[in-house]
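Examination of the molecular architecture
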Amino acid sequence: MGHISRFETEVLIIGGGATGTSIMRDCALRGIKCMLLDKNDIASGTTGRNHGLLHSGARYAVTDSESAHECIQENKILRKIASHCVDQTDGLFITLPEDDLSFQSTFIHACTSVGIDTQKLTPEEALKLEPNVNPSLLGAVKVPDGTLDPFRLCASNVLDAKQHGAQIFTYSIVQSFIRVGERIIGASCLNVRTNEKFEIFANEVINAAGIWGKNICQYAELDVQMFPAKGSLLVLEHRINDLVINRCRKPADADILVPGDSISLIGTTSEEIDYCEIDSLRVTDQEVNILIEEGAKLAPILEQTRILRAYAGVRPLVDVSGGNGRNISRGIVLLDHAKRDGLTGLTSILGGKLMTCRLMAEMTTDVVAEKLGNNSPCTTHLQPLPGSVERTDKQPRKKTALTSKAAAYRHGEKAVQLFDQSAKGKSIVCECEMVSVGEIEYAIKKLDVTNLVDLRRRTRLGMGSCQGELCTYRASGLFCEYGQCSGHDSSKLLIHFLEERWKGIKPVLFDDALREAEFTYWIYEGLFGAADVTLLGTAQNDEKKEYYEI
Amino acid sequence: MNIAQNSFEKCIKCTICTVYCPVAKANPNYPGPKECGPDGARLRIKSLDYYDQALKLCTNCKRCETACPSNVNVGDIIAVARGKFEKKVINPKLMRDFILSQTDLFGTLSTPFAPIVNKITDSQIIKTVMHKTIGIDKHKALPKYSLGTFRNWFKKNAPDQEQYPRQVSYFHGCYVNYNDPDLGKDLLKVLNAMNIGLKLLNKEKCCGVPLIANGFHDKARKNARFNVKNMTEAVEKFNTPILSTSSTCSFTLKQEYPHVLDVDNSQVVDKIEYITSFLLREFMNGNAPKLKEINKTIVYHTPCHLERSGLAIFTIELLRAIPGLKVIVLESECCGLAGTYGFKKENYDVSMKIGKHLFETIKNSDADYAITDCETCKWQIEENTHLKTIHPINLLAQGLTV
């Protein structure tokens, strides 16, 4: 051990979710040196475990006009700066026979007052736009909802930040803060994959750890009350709707159906949980049933559609009121601990939501930049992210391989510029989601990928119908080629990935998902003898986790 | 919603379909039925950008469906996608596809002048010209037309047929009508020997399979509706079974109509039957015609659509019921022609590669005939092995004692 690496920077960001990576980019674009730390991969917490809905704000318009206003502002910005992460699908708020149709006018009025465009549709018009919507609807309102891929958003933030000099450490935890009196000057860290300790000294530390931010505050002996609320979702095998479908009523369980990339998502339940449970979320049978039952009211076809997997995330709400977890504001909580607690060098950015990550970053960076004496203005709302710089949809696509089309959809102009275009580069690894060898090479080399789960977040590998059945062994082999991994290590990556996929399949282990899982088990266990690979030396923090991901 | 639209998600990606796909085996540019079928269907919902031109390399043989353990109609998914999304480009090949698939039109035009037409299509010069212009491969001989149609011949015999106590309706199809009326005549003999009379439908059009294969789904759908209407009339009026001597016509009438063309045939589907299945049942119920010994050796080739229908066993057992006949059942594999597919210049090599093993086996067999239920398999086998290839009904007719 002996030698401990020491790093110096201006800002240390803890947490690589949407907020943390947005702060990283904001700092880097303002010329502030920064480093980011995450205990896992980027976008592996709450960021990667929601519906990926590009809110128009309509959902909050009636109950929380401030959030609604923030959403529509950010919605317009993200469409421009992150076009490769956004599908501009539009959304419907439908009124079913059991709903109160008079709520529609309240809803439209509230939307209009915060600047959300609405268009009232007759049931026939709604069915024409979205043939799978419940045909018994009484009416619908169209709003500028869309979908937002949180993984691509975070990866692009990091890519841009790195191009502007920032540095990232994934799979690294804070063990303690380094303090001088009432000032935090850095953190002692541990890389949980390599067990190497290191220290980062920084002028300012930003706690952007979301729901885990309470723990970070505890390292600084500060108290913040978090309000963890579990939200569970189901992934459907394919895209059953083209428009986001919401219920036109006060937000409730399982009332959003989102078409995300090649799948659809139904969510979300809401259940208050104890803070100690945030790392061991389980999707219960009861939740699965509620999601199917309620989801079928939005689109009846859902009941006949195969369910791929279930997952759950924790809303990172800061307890300010003590309501029931749904009626409290998802407002942004920015804590300048120098002012609040007399501890300098630490700022916490908590609460908020995926939609407002850029705004949260701007607010936080404004505060921190002032302390550092940097007065460059924020430009994150103007500069497009890497991948959205050039439009790729205008290129001649007739003869393009399907993998190239899929890659351009996911990585924008980077796919055209950087991917290996040889026959080998274009050959398919993940058949369900059309992920090529070239895309994997790029991800491993350029996008901070250490294992197959990280790779999945960058590419959608293993996120399709077969849930890793055919791509896992091919992709793990590529880690030997592009990731300097030994054969034995890549076998361990394979098992780690399959275990992670199975965790999400278990809650829905019936019908075709069961047949598929059995077949996958047979291939890996029966044919490849995967059980014989010893897992000694696997990163310890991954073993006990019972989390679910998309 | 038809079956092809919602069955894709039952696919568990075992890829057995691609292993059994004759095209994937012969042509590395074809991504195979799994990718073109269920995988593609899922992606095409997301965006039509994911429609792959490679889908036109599919021969619609349906061996993928026979192989699928999850009951996914893989071939139907591909056929439906082609019908919906394939863009027709105006070029000489479109003309060729039109000529190859408009069997009724060209049959009607050609049969009165069959000897002349046959001579023209057989000439090397014309073959070379067609190869270079519209892309019908110069190695292929276009099917020969008969002088006069089966329907015309039948008119004279219709009154006799009504004398029989039992009647069946016959969907003769284009091949019997324009190319090989003798097969229809043989069927009439065999049925008459079993004391059964033959009726034709009031009218019929091409079942539509070449139209489906060439992407003319609207025309195919019109034909399907027309045929269902005529079959319904026959069933309502006479309550007869509707028999076909073409394994592909009967498959199309029964399965492609609802699955690929979204045409409801439920009111007649149970009445449509491929001939050997009908005959074997009659034989087993004691109504076999008197047959003399046929001391010959035959090799039997199973057509893809008969395999998919699960009916090969009926033909094989029927052949085994012929006294003296030595029946060698060949491995079930695609002959490569797949209707109009192998006639096309761009497909010829693949077509030959697919059929190679079959041709070699037949050439080395010392058989007197090859027997198969499908007219296009017959063309392919005769052209590439020079062994006379006939329908099981032709052989039965040879064995009749009267």
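Residues numbered from 1 in each chain as written. Chains lettered and ligands numbered in written order. Predicted model: local features only at pLDDT ≥ 70, side-chain atom pairs only at ≥ 80, totals over all residues. Heavy atoms only, no water.

1. Description of the overall build of chain B
Secondary structure summary: chain B contains 22 helices and 8 strands in total. In terms of C-alpha radius of gyration, chain B reaches 21 Å, essentially the compact-globule figure of 21 Å for 402 residues. With respect to the principal axes defined by its C-alpha atoms, chain B has extents near 60 × 50 × 40 Å. Counting across all 402 residues of chain B, residues that qualify as buried make up 61%. Across chain B, contacts joining residues at least 24 apart in sequence account for 76% of those joining residues at least 6 apart. For chain B, the accessible surface area stands at approximately 16600 Å², while carbon and sulfur atoms represent 55% of it. Positive and negative charge centroids in chain B, built from 53 and 41 side chains respectively, lie 4 Å apart. (Helix = DSSP H or I, 4+ residues; strand = E, 2+ residues; numbered from the N terminus. Rg over C-alpha atoms; globule rule 2.2 N^0.38 Å. Buried < 20%, exposed > 50% of the residue type's maximum accessible area, 1.4 Å probe, protein only. Contact = heavy atoms within 4.5 Å. Areas by Shrake-Rupley, 256 points an atom, 1.4 Å probe, with all protein chains shown as cover. Lys, Arg positive; Asp, Glu negative; His and termini not counted. Charge placed at Lys NZ, Arg CZ, Asp CG, Glu CD.)

2. Here's the deal with the overall build of chain A
Secondary structure assignment for chain A yields 19 helices and 22 strands. Relative to the globule expectation of 24 Å for 550 residues, the C-alpha radius of gyration of chain A, 23 Å, shows essentially globular dimensions. Counting only C-alpha atoms, chain A reaches 70 × 60 × 50 Å along its principal axes. Taken over 550 residues, chain A has a buried fraction of 63%. Taken as a whole, chain A presents about 20500 Å² of accessible surface, with 51% of it coming from carbon and sulfur.

3. Digging into the domain arrangement of chain A
Many descriptions give the size of an interface as the accessible area lost when the pieces come together. Residue and element names in this part refer to chain A. Per the domain assignment, the segments of chain A are domain 1 (5-46 + 151-225 + 331-372), domain 2 (86-147 + 229-308) and domain 3 (402-543). Taking only C-alpha atoms, the centre of domain 1 and the centre of domain 2 are 33 Å apart. Contacts between the two partners involve 7 residues from domain 1 and, on the opposite side, 4 residues from domain 2. Here domain 1 meets domain 2 over a buried area of about 440 Å², counting both sides, of which 49% is carbon and sulfur. Linking domain 1 to domain 2 there are 2 salt bridges. A salt bridge links Lys39 to Asp279; the nearest nitrogen and oxygen atoms lie 3.9 Å apart. The interface formed by domain 1 and domain 2 includes 3 residue pairs in polar contact (both at pLDDT 80 or more). Examining the composition of the side of domain 1 that touches domain 2, we find that 3 residues originate from one element, helix α7 (residues 213-219), more than from any other. Grouping the constituent residues of the side of domain 1 that touches domain 2 by class yields 2 nonpolar, 2 polar and 3 charged. (Domains from an automatic or database assignment. Buried area = accessible area lost by both parts, 1.4 Å probe. Salt bridge = Lys/Arg side-chain N within 4 Å of Asp/Glu carboxyl O. Polar contact = N/O pair within 3.5 Å; in protein donor to acceptor, adjacent residues only side chain to side chain. Nonpolar A, V, L, I, M, F, W, Y, C, P; charged D, E, K, R; others polar.)

4. Quick notes on the sheet that holds strand β2 (residues 196-200) of chain B
All names here are of chain B. The strand order across the open sheet formed by 4 strands is β2-β1-β3-β4, and the pairing between neighbours is parallel. Among the strands making up the open sheet, the edge pair consists of β2 and β4 (272-274). Averaged over all pairs of adjacent strands, the angle between strand axes in this sheet comes to 40°, irrespective of strand direction. Bridge count for strand β1 (residues 166-171) against β2 is 5 bridges, and the pairing is parallel. Among the inter-strand pairings, Arg166 is bridged to a residue of β2, identified as Ile196. Helix-sheet contacts for helix α13 (residues 181-193) involve β1 and β2, and the interaxial angle to β2 is about 145°. (Pairing = 2+ DSSP bridges. Axes fitted to C-alpha atoms, helices over the stretch in contact; angles between N-to-C directions.)

5. A few points about a nonpolar patch on the surface
Residue and element names in this part refer to chain A. Residues Tyr473, Trp522, Leu527 and Phe528 make up a contiguous nonpolar surface patch of roughly 430 Å² in combined accessible area. Here Trp522 shows up in helix α18 (residues 511-527). Here Trp522 falls in the partly exposed class, since its relative accessible area comes to 48%. (Patch = residues over 30% accessible without salt bridge, like charges linked within 9 Å, V, L, I, M, F, W, Y side chains within 5 Å.)

6. Description of the domain arrangement of chain B
Residues and elements named next belong to chain B. Once the domains are mapped, chain B shows domain 1 (3-85) and domain 2 (289-399). Of the residues lining the interface, 15 residues belong to domain 1; the matching set on domain 2 comes to 15 residues. For the domain 1 face of the interface with domain 2, the top three residues by lost area are Ala26, Thr59 and Arg63, together amounting to 45%. Our count for the contact surface shared by domain 1 and domain 2 stands at 1 salt bridge. With a shortest N-O distance of 2.7 Å, Glu65 and Arg308 are connected by a salt bridge. Applying the counting criterion to the domain 1 and domain 2 interface returns 8 residue pairs in polar contact (both at pLDDT 80 or more). If you list the elements that add at least two residues to the side of domain 1 that touches domain 2, you get α3 (22-26) and α5 (63-67). Its residues assigned to classes, the side of domain 1 that touches domain 2 comprises 6 nonpolar, 5 polar and 4 charged.

7. What about the interface of chain A and chain B?
With 31 residues of chain A at the contact, the number on the chain B side is 22 residues. Summing both partners gives a buried area of about 2300 Å² for chain A against chain B, and 51% of it is carried by carbon and sulfur. Close ionic contact of B:Arg42 with A:Glu433 constitutes a salt bridge, the shortest N to O distance being 2.9 Å. In this structure, the connection of chain A to chain B is made through 14 residue pairs in polar contact (both at pLDDT 80 or more). Each residue belonging to the side of chain A that touches chain B can be placed in one class, and the counts come to 12 nonpolar, 6 polar and 13 charged.

8. As for the state of the cysteines
Think of a disulfide as a covalent bridge from one cysteine sulfur atom to another cysteine sulfur atom. Taken as a whole and judged by the stated rule, the model has 0 disulfides over all chains. A:Cys432 takes part in no disulfide bond, and the closest cysteine sulfur, belonging to A:Cys466, lies 3.8 Å away. This cysteine, B:Cys374, is not joined by any disulfide, and B:Cys377 carries the nearest cysteine sulfur, 3.7 Å off. With relative accessibility at 6%, the residue B:Cys374 sits in the buried group. (Disulfide = S-S within 2.5 Å.)

9. Some remarks on the side chain of A:Glu237
The residue A:Glu237 is located in the loop between β13 (226-236) and β14 (244-247) in this model. Judged by its relative accessible area of 0%, A:Glu237 falls in the buried class. A polar atom in the side chain of A:Glu237 sits 3.0 Å from the side chain of A:His238. Once residues lying within four places of it in the same chain are set aside, the contact partners of A:Glu237 are A:Ser262, A:Ile263, A:Thr305, A:Arg306, A:Leu308, A:Ser465, B:Phe8, B:Glu9 and B:Arg42.

10. Notes on unusual backbone geometry
Along the chain, A:Gly267 connects to A:Thr268 via a cis peptide bond; the corresponding omega equals -5°. Tracing the chain through its elements places A:Thr268 in the loop between β16 (263-267) and β17 (271-272). Residue A:Asp261 is not a glycine yet carries a positive backbone phi of 55°. We classify A:Asp261 as buried; its relative accessible area is 4%. In this model, B:Asp366 sits at a positive phi of 60°, which is unusual for a non-glycine residue. A relative accessible area of 71% places B:Asp366 in the exposed class.

11. Digging into helix α4 (residues 103-114) of chain A
Residues and elements named next belong to chain A. Between its first and last C-alpha, α4 extends 17 Å over 12 residues, near the 16 Å set by a 1.5 Å rise per residue. Next to the buried residues of α4 lie α2 (58-61), α3 (65-81), β5 (91-95), β6 (119-121) and β7 (139-143). Looking one or two places after α4, you find Gly115, whose phi comes out positive at around 90°. (Expected span 1.5 Å × (residues − 1).)

12. Some points on the side chain of B:Ser277
Residue and element names in this part refer to chain B. With respect to the helices, strands and loops of the structure, Ser277 is situated in helix α17 (residues 275-284). A distance of 2.6 Å separates a polar atom in the side chain of Ser277 from a polar atom in the side chain of Glu273. The contact partners of Ser277, leaving out residues within four places of it in the chain, are Leu311 and Phe314.

13. Side note on the environment of A:Ile94
Tracing the sequence through the fold places A:Ile94 in strand β5. Among all residues touching A:Ile94, those that are not within four sequence positions of it are A:Asp99, A:Val133, A:Leu137, A:Gly139, A:Ala140, A:Ile245, A:Asn246, A:Arg247, A:Cys248, A:Lys297 and A:Leu298.

14. Notes on the environment of A:Gln175
Residue and element names in this part refer to chain A. In this structure, Gln175 sits in strand β10 (residues 172-180). The exposure class assigned to Gln175 is partly exposed, which follows from its relative accessible area of 34%. In this structure, the C-alpha to C-alpha distance between Gln175 and Ser476, residues 301 residues apart in sequence, is 31 Å. Setting aside residues no more than four positions away along its own chain, Gln175 makes contact with Ser188, Cys189, Leu190, Lys197 and Tyr219.

15. Re the sheet that holds strand β4 (residues 86-87) of chain A
Residues and elements named next belong to chain A. Read from one edge to the other, the open sheet built from 3 strands follows the order β3-β8-β4, with strand pairing classed as antiparallel. Each end of this open sheet is capped by a strand with a single partner; those strands are β3 (53-54) and β4. One ladder, built from 2 bridges, connects β4 with strand β8 (residues 146-148); its direction is antiparallel. Bridging across to β8, Val86 finds its partner in Leu148.

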